[in-house]
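A look at the structure
In case you want the letters, here they are:
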Amino acid sequence: MQNNEDKQQKFIGDEQQIPARDAALAPLKLAAMSGNAAAQVEYAQTLHQSFDDAAAAFPWMERAASQKNVDGMYGLALFLHNGWGCTPDQERSLALMRAAAEAGHVWAQFDVGLYYMKGYGCQPDMAQALEWISKAAQDGLASAQYELGVLYLNGEGVAQDFKQSIAWFLKAAEQSNTDAIFYLGAAFYDGLGVEKDPVRGLSIMRDALEAGSTVAQRYIHKFEERSSTPS
């Protein structure tokens, strides 16, 4: 314990000799050095995003996480997952992500679900994935609502259910999730969970494309080719 305290004091002592990257950041850095976890998270994010210095940002995020700050735990999990300023560590990343999720961090809930789906730091577990993605979707996160719609559409980890899929896509679309809008169009085009209406479906998909849907960019040509082919 004493060794860790010594390391902490040395870190702060070293940081006191280093000016903030920008004079306007000096108060934020001072608050971070004083132990304010929220300031540590914000300072880490600024170093990483504004100055492209993940190595300098990492120890600040680590300090916030050590205080059980939920944003700090979530941020540190992302650093460890992506190897930002550190050696990637998927198991530690999952543990931190789950701790943040259990504390109610909605993005952490969604990401824990993705970790279990893809097997990051664990064996793939679709039951766990569905549980955590559902929590985030029910809490109103559009990305989770969209993902849940995809799971019901494809029958992944859950019985295939087009009406449930449509219901979740609608919730995400109401928050302007463009990929969910595309899938709603596709559902109308093929009559999956809704009354079939190819004209309306293609129009919705084109709206999603115009709004920037990456899924539309990949797949709309298949529907346009089908529309241009005589039946």
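One structure accompanies this document, and this report is about it. (Residues numbered from 1 in each chain as written. Predicted model: local features only at pLDDT ≥ 70, side-chain atom pairs only at ≥ 80, totals over all residues. Heavy atoms only, no water.)

The subject of this paragraph is the environment of G193. Looking at where G193 falls in the secondary structure, it is placed in the loop between α11 (178-190) and α12 (198-210). In this structure G193 comes out as partly exposed when scored by relative accessible area, which is 25%. C-alpha separation for the pair G193 and A167, spaced 26 residues apart in sequence, amounts to 9.3 Å. Excluding residues within four positions of it along the chain, G193 makes contact with F162, K163 and I166. (Helix = DSSP H or I, 4+ residues; strand = E, 2+ residues; numbered from the N terminus. Buried < 20%, exposed > 50% of the residue type's maximum accessible area, 1.4 Å probe, protein only. Contact = heavy atoms within 4.5 Å.)

Bringing unusual backbone geometry into the picture now. Peptide bonds are trans in most cases, and residues, glycine excluded, mostly fall at negative phi. Positive phi, close to 55 degrees, is recorded for D52, a residue that is not glycine. Structurally, D52 is set in the loop between α3 (37-49) and α4 (54-66). The phi torsion at S176 lies on the positive side, around 70 degrees, for a residue other than glycine.

Our focus in this paragraph is α4. Spanning 13 residues, α4 covers 18 Å between terminal C-alpha atoms, matching the ideal 18 Å at 1.5 Å per step. For α4, every residue scored as buried is listed here: A54, A57, F58, P59, W60, M61, R63, A64 and A65. K68 sits one or two positions beyond α4 and adopts a positive phi of about 65 degrees. (Expected span 1.5 Å × (residues − 1).)

This part is about helix α10 (residues 162-174). The end-to-end C-alpha separation of α10 is 18 Å, in line with the 18 Å expected for 13 residues at 1.5 Å each. What α10 keeps buried is the set S165, I166, W168, F169, A172 and A173. Structurally, α10 contributes buried residues whose contacts are with α8 (126-138), α9 (142-154) and α11. Between the side-chain oxygen at the start of α10 and the backbone nitrogen of K163 there is a gap of 3.1 Å, and the oxygen is on D161. Within two residues after α10, S176 carries a phi angle of roughly 70 degrees, on the positive side. (Polar contact = N/O pair within 3.5 Å; in protein donor to acceptor, adjacent residues only side chain to side chain.)

Attention shifts here to the pattern of salt bridges. Pairs may arise between side chains of opposite charge once their charged atoms sit close together. Going through the model one piece at a time under the given rule, you end up with 4 salt bridges. For E102, the salt bridge is made with R98, and the minimal N-O distance between the two is 3.0 Å. Residue E102 and its partner R98 are located together in helix α6 (residues 90-102), separated by 4 residues, close to a single helical turn. A salt bridge links R226 to D190, with the shortest nitrogen-to-oxygen separation between them at 2.6 Å. Residue R226 is located in helix α13 (residues 214-228), and its partner D190 is located in helix α11; the two are separated by 36 residues in the primary sequence. On the basis of relative accessibility, which here comes to 28%, the residue D190 falls in the partly exposed class. (Salt bridge = Lys/Arg side-chain N within 4 Å of Asp/Glu carboxyl O.)

Relative to each other, α9 and α10 sit at 160 degrees, their axes nearing to 8 Å. One way to sum up the angle between α9 and α10 is to call them roughly antiparallel. The chirality of how α9 crosses α10 is left-handed. In this structure, α9 uses A142, Q145, Y146, L148, G149, V150, Y152 and L153 to contact α10, whose residues at the interface are F162, Q164, S165, W168, F169, K171 and A172. Its residues assigned to classes, the contact of α9 with α10 shows 10 nonpolar, 4 polar and 1 charged. (Axes fitted to C-alpha atoms, helices over the stretch in contact; angles between N-to-C directions. Parallel < 35°, antiparallel > 145°, perpendicular 65-115°, else oblique. Left-handed = near helix turned anticlockwise from the far one by under 90°. Nonpolar A, V, L, I, M, F, W, Y, C, P; charged D, E, K, R; others polar.)

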